Amino acid sequence: MAQVTIENVSKSYAGDVRAVNSVSIAIEDGEFIVLVGPSGCGKSTLLRMVAGLESVTEGTIRIGERTVNEVEPAERDIAMVFQNYALYPHMTVRQNLAYGLKNRGTPKAEIDKRVAEASRILELDQYLDRKPRQLSGGQRQRVAMGRAIVREPAAFLFDEPLSNLDAKLRVQMRGEIKQLQRRLATTSIYVTHDQLEAMTMADRIVVLNGGHVEQIGTPLEVYRAPQSAFVASFIGSPAMNLIAARGEGGRLVIGDQTVTMNGAEVPNGPLTLGVRAEDMALASGNGDGHVEMAIDYVEELGASRLVHGRLTDERLALSLPSGAPLSDRLSITLDPHRLHLFDPDSGRRI
Amino acid sequence: MKRVQFSSPYLPYLFLLPQMTVVFIFFYWPSVQAIQSSFYLEDPFGFGATFVGFDNYLEAFKSSHYQQIARFTVVFTILVTVFSLSIGLLLATTADTVIRGSGPYKTLLICVYAIAPPVAGLIGMMFFDQHIGPFVTMAAWFGWDMKVGIDYVDTAFAMIVVAVWKQIPYNFIFFLSGLQGIPVSVREAAAIDNRSRLGRFRTVTLPLLAPTAFFLLIINMTYSLFDTFGIIDVIVKDKAANNPITLVYKVYMDGFRGNDIGGSAAQSVILMLIVLLLTVFQFRFIERRVHYN
């Protein structure tokens, strides 16, 4: 068990393609870190650099006290779970689990003990003598997990381990991995493109975009105080509404409507207003500080309904309790404490 | 799968006919002819035949010349198979790790395969030519007075070298595609689980290449037994004399040069049985130990 320190790490490929750009993350011992971002954001490359499967162009990666930039993958004391599981097809489940230990010269009795323990935890006991091709997707996923567990490494690396599973199994495995990690308290780095996985599993989320870090924070921090318009739109479902607005004399103006800010600072000039669907409500009382919204269509979600419409010309989604009265036009209020303002040019939070 | 219904029950047989005709004319008919001829002593000028039972077979087995050729064929087949497989595998594993210029490199390795066996034999013979052959010159540096076509061992050496050289590209192609069929992530998982390159090759790469290797083993043995005919022909130039030849070449020599149709037919039936046994053995005993996905 160890901290993993990533310091100003960059990765360039031939032709000056910069896949990862000066990323620094300090991962605590036992922490579950999720790297999340759209495809091509460099999250997998970063993970593979920690694993030693990609060389580091610039910067330093430390596992514990040891700088591992030039250390072979097998000697980094890490275990990795791959997206397509990468089980050895010619070996039985037992051999798959034992392979890494055998090559490290672990005594036979110790190997047997750890394989038995891991297969008990992962409920693989009855499959130990099967080949991977005789297993279902979920079982293969468990074997891949087991292969990592038996090693008792300093850190687990997960490369989108759930993306090949169907939706139901994914939710189940999500919980299992999280519980397992809690129990073993092994430092983990988990890569996913699914913000829901990031939100539900992470101790801290690292949002990556175009090879650089947009924000590092706990799921709630990232959700409640996104540091950029990108993070705001990427984290949360439905995505946060981003509306073109402007500041005029301390007031926030959208088209020809004005939003009450309850004394919050609003700089002059063009702005991007971010507001989550659940941070708006139907207006009551007189029209003071209300904005008018035209309804396009409604998605019924059971517990709530998601209303899609336009605020002046800007698209907007609004979450209302199921059974709330609807008409073609709605008068709504925005929660002034839950509004996010971004610089429309840089995308940074103001 | 969509099932196609033929309007007439005879139509499928009509479609099969061309293939069946080819198989019949070029395989079954000659086989039957060979088996039949092997029991007769035929007049060299075609004036009739006498039934002699198993005499042709007994004569072949008793002949020390035949036994010597059979021994050489075994040695030749084993050496050619082992060397062409292992060199092909070595080249494929190294080519697989080449990143820059791998295209031209692979093409260069493969293009030898496009050469017809007699041409390969000719080119090979030029390497071993008494006057201009670079191999002969090189051998002379080490005090080896190489006399291909005169000395039995030297000729055998040249034959094996040329036969191996000719077969390497074929094995290379299959091994390379086999290697590339191993998922990258499996190799990466192995890199995390095993620090030794050689260990990874032995415990992960090689077992996953086993189906390819098994296929190639059969192909290479058949190649050594039969398809090296052209190479041998060019090297011994139709006059075997004291030079080493394989069983297939002896069939040709006895049948078409010696006009001993019956004896030659008996030898070819023996070869046919050897191949049959070999195939059964390979599929029964070796395939069980091969991992298919």
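As the structure is a prediction and not an experimental result, all values here were calculated from the model.

Frequently, the measure chosen for interface size is the accessible area removed from exposure when the parts meet. Residue and element names in this part refer to chain A. In terms of domains, chain A is made up of domain 1 (4-234) and domain 2 (242-342). Relative to domain 2, the C-alpha centre of domain 1 lies at a distance of 39 Å. Facing the eight residues of domain 1 at the interface are five residues of domain 2. Interface area, domain 1 with domain 2, both sides summed: about 610 Å², of which 57% is carbon and sulfur. Linking domain 1 to domain 2 there are zero salt bridges. Between domain 1 and domain 2 we count two residue pairs in polar contact (both at pLDDT 80 or more) in total.

What follows deals with the nonpolar core. Formed by 56 residues in total, the largest nonpolar core has its most connected members in Ile6, Leu35, Leu46 and Ile189 of chain A. Leu124, Phe158, Met201 and Val231 of chain A belong to the second-largest nonpolar core, a separate cluster that totals 44 residues.

For the rest of this paragraph, the subject is the sheet that holds strand β4 (residues 58-63) of chain A. Residue and element names in this part refer to chain A. Pairing in this open sheet of four strands is antiparallel, and the strands run β2-β1-β4-β5 from one edge to the other. On the outer flanks of this sheet lie β2 (17-27) and β5 (66-67), each paired with one strand and no other. With five bridges connecting them, strand β1 (residues 4-13) and β4 associate as antiparallel partners. If you follow Ser10 over to β4, its bridge partner there is Glu58.

Another aspect to go through is the environment of Gln134 of chain A. Residues and elements named next belong to chain A. Topologically, Gln134 is positioned in the loop between α3 (108-121) and α4 (137-151). For the pair formed by Gln134 and Gly347, sequence separation is 213 residues and the distance between their alpha carbons is 50 Å. Separated by 2.7 Å, the side chain of Gln134 and the backbone nitrogen of Lys131 make a polar contact.

Moving on, we get to the interface of chain A and chain B. Taken together, the contacts link 23 residues of chain A with 19 residues of chain B. Regarding the contact of chain A and chain B, the summed buried area is about 1,800 Å², with carbon and sulfur atoms giving 57% of it. Scanning the region where chain A abuts chain B turns up three salt bridges. Between the two partners, chain A and chain B, sit 14 residue pairs in polar contact (both at pLDDT 80 or more). Partitioned by chemical class, the residues of the side of chain A that touches chain B number 12 nonpolar, four polar and seven charged.

Moving on, we get to helix α4 (residues 102-111) of chain B. Residues and elements named next belong to chain B. Regarding α4, the residues found buried are Ser102, Lys106 and Leu109. Across the axial projection of α4, the buried residues extend over an arc of 60°, all falling on one side. Within α4, the exposed residues directed more than 90 degrees away from the buried face are Pro104 and Leu108. Packing partners of the buried residues in α4 comprise α3 (64-97) and α7 (152-180).

So, about helix α11 (residues 247-257) of chain B. Because an α-helix packs 3.6 residues into every turn, residues spaced three or four apart end up facing the same way. Residue and element names in this part refer to chain B. Of all the 11 residues making up α11, nine are buried; the element is thus mostly covered by neighbouring parts of the structure. Taken together, the buried positions of α11 are Leu247, Val248, Tyr249, Lys250, Val251, Tyr252, Met253, Asp254 and Gly255. Residue Asn259 follows α11 closely and has a positive phi angle near 55°.

According to the stated counting rule, one finds 27 salt bridges over all chains in the structure shown. Across the salt bridge formed by Glu58 of chain A and Arg18 of chain A, the nearest N and O atoms sit 3.6 Å from each other. Taken as a pair, Glu58 of chain A in strand β4 and Arg18 of chain A in strand β2 lie far apart in primary sequence, 40 residues in all. Residue class for Glu58 of chain A comes out partly exposed when judged on its relative accessible area of 41%. The partly exposed category is assigned to Arg18 of chain A, whose relative accessible area is 37%. Notably, a salt bridge pairs Arg246 of chain A with Glu248 of chain A, separated by 2.5 Å at the nearest N-O pair. Residues participating in the shared-partner salt-bridge network are Lys11, Arg48 and Glu54 of chain A together with Glu188 of chain B.

To continue, consider the pairing of β2 of chain A. All names here are of chain A. Pairing geometry for β1 and β2, over seven bridges, is antiparallel. Bridging from a neighbouring strand, Val4 pairs with Ile27 of β2. Taking the residues between adjacent antiparallel strands as the criterion, β1 and β2 are bridged by three residues, where Gly15 takes a positive phi near 85°.

Our next topic: the sheet that holds strand β6 (residues 78-81) of chain A. Each strand in a sheet pairs with its neighbour through backbone hydrogen bonds, running either in the same direction (parallel) or in the opposite one (antiparallel). Residue and element names in this part refer to chain A. The six strands are arranged β6-β7-β8-β3-β9-β10 in an open sheet whose pairing can be described as mixed. Two strands in the sheet have a free side with no partner beyond their single neighbour: β6 and β10 (212-217). Across the sheet, the mean angle separating the axes of adjacent strands is 15° when strand polarity is ignored. Pairing of strand β9 (residues 204-209) with β10 involves five bridges; the strand directions are antiparallel. Along β10, the bridge assignment pairs Leu208 with Val213.

With that settled, consider unusual backbone geometry. All names here are of chain A. Cis geometry is adopted by the peptide bond preceding Pro238, which originates at Ser237 and carries an omega value of 0°. Summarising the element assignment, Pro238 is placed in the loop between α8 (229-234) and β11 (241-248). Non-glycine residue Asp77 carries a positive phi angle of around 60°. Within the fold, Asp77 resides in the loop between β5 and β6. One non-glycine residue, Thr312, lies in the positive phi region at around 50°. Within the fold, Thr312 resides in the loop between β17 (304-311) and β18 (314-321).

Together, Val22, Phe24, Ile25, Phe26, Phe27, Tyr28 and Trp29 of chain B make up a nonpolar patch on the protein surface, roughly 790 Å² of accessible area in all. For Phe27 of chain B, the position within the fold is in helix α1 (residues 11-37).

Taken over all residues, the pLDDT of chain A has a mean of 90, while the share at 70 or more is 98%. At the low end of the mean pLDDT range in chain A sits strand β13 (residues 257-259) of chain A, at 84; at the high end sits strand β3 (residues 32-36) of chain A, at 96.

Moving on to the packing of helix α10 (residues 229-236) of chain B against α11 of chain B. Residues and elements named next belong to chain B. Put simply, α10 and α11 touch, their axes get as near as 9 Å, and they point 65° apart. Considering only the axes of α10 and α11, their crossing is right-handed. Where α10 approaches α11, its residues Phe229, Ile232, Asp233 and Val236 are matched on the opposing element by Val248, Tyr249 and Tyr252. Taken together, the residues of the contact of α10 with α11 sort by class into six nonpolar, no polar and one charged.

What follows concerns the packing of aromatic side chains. A complete count under the given rule lists 24 aromatic pairs over all chains for this structure. Ring centres 5.1 Å apart and planes at 45° place the aromatic pair Phe174 of chain B and Phe215 of chain B in the tilted group. Note that Phe174 of chain B is positioned in helix α7 and Phe215 of chain B in helix α9 (residues 197-227), a separation of 41 residues in sequence. Residue classification places Phe215 of chain B among the partly exposed residues on the basis of a relative accessible area of 34%. Considering the side-chain rings of Phe229 of chain B and Tyr249 of chain B, the 5.1 Å spacing of their centres and the 45° angle between planes classify their relative orientation as tilted. Of this pair, Phe229 of chain B sits in helix α10 while Tyr249 of chain B sits in helix α11; the two residues are 20 residues apart in sequence, bridging distant segments of the chain. Since its relative accessible area comes to 0%, Tyr249 of chain B is described here as buried. Feature note: the residues Phe127, Phe128, Phe135, Trp144 and Phe157 of chain B constitute an aromatic cluster, connected by ring pairs. We note Arg147 of chain A situated over the ring of Tyr88 of chain A; from NZ or CZ to the ring centre the distance is 4.8 Å. Just above the ring of Tyr223 of chain A sits the side chain of Arg276 of chain A; from NZ or CZ to the centre is 3.8 Å.

Analysis parameters
- Residues numbered from 1 in each chain as written.
- Chains lettered and ligands numbered in written order.
- Predicted model: local features only at pLDDT ≥ 70, side-chain atom pairs only at ≥ 80, totals over all residues.
- Heavy atoms only, no water.
- Domains from an automatic or database assignment.
- Contact = heavy atoms within 4.5 Å.
- Buried area = accessible area lost by both parts, 1.4 Å probe.
- Salt bridge = Lys/Arg side-chain N within 4 Å of Asp/Glu carboxyl O.
- Polar contact = N/O pair within 3.5 Å; in protein donor to acceptor, adjacent residues only side chain to side chain.
- Core = buried A, V, L, I, M, F, W, Y, C linked by side-chain atoms within 4.5 Å.
- Buried < 20%, exposed > 50% of the residue type's maximum accessible area, 1.4 Å probe, protein only.
- Pairing = 2+ DSSP bridges.
- Helix = DSSP H or I, 4+ residues; strand = E, 2+ residues; numbered from the N terminus.
- Nonpolar A, V, L, I, M, F, W, Y, C, P; charged D, E, K, R; others polar.
- Arc of directions from axis to C-beta.
- Axes fitted to C-alpha atoms, helices over the stretch in contact; angles between N-to-C directions.
- Patch = residues over 30% accessible without salt bridge, like charges linked within 9 Å, V, L, I, M, F, W, Y side chains within 5 Å.
- Areas by Shrake-Rupley, 256 points an atom, 1.4 Å probe, with all protein chains shown as cover.
- pLDDT = per-residue confidence, 0-100.
- Left-handed = near helix turned anticlockwise from the far one by under 90°.
- Phe/Tyr/Trp six-rings, centres within 6.5 Å; stacked < 30°, edge-to-face > 60°.
- Lys NZ or Arg CZ within 6 Å of the ring centre and 35° of its normal.

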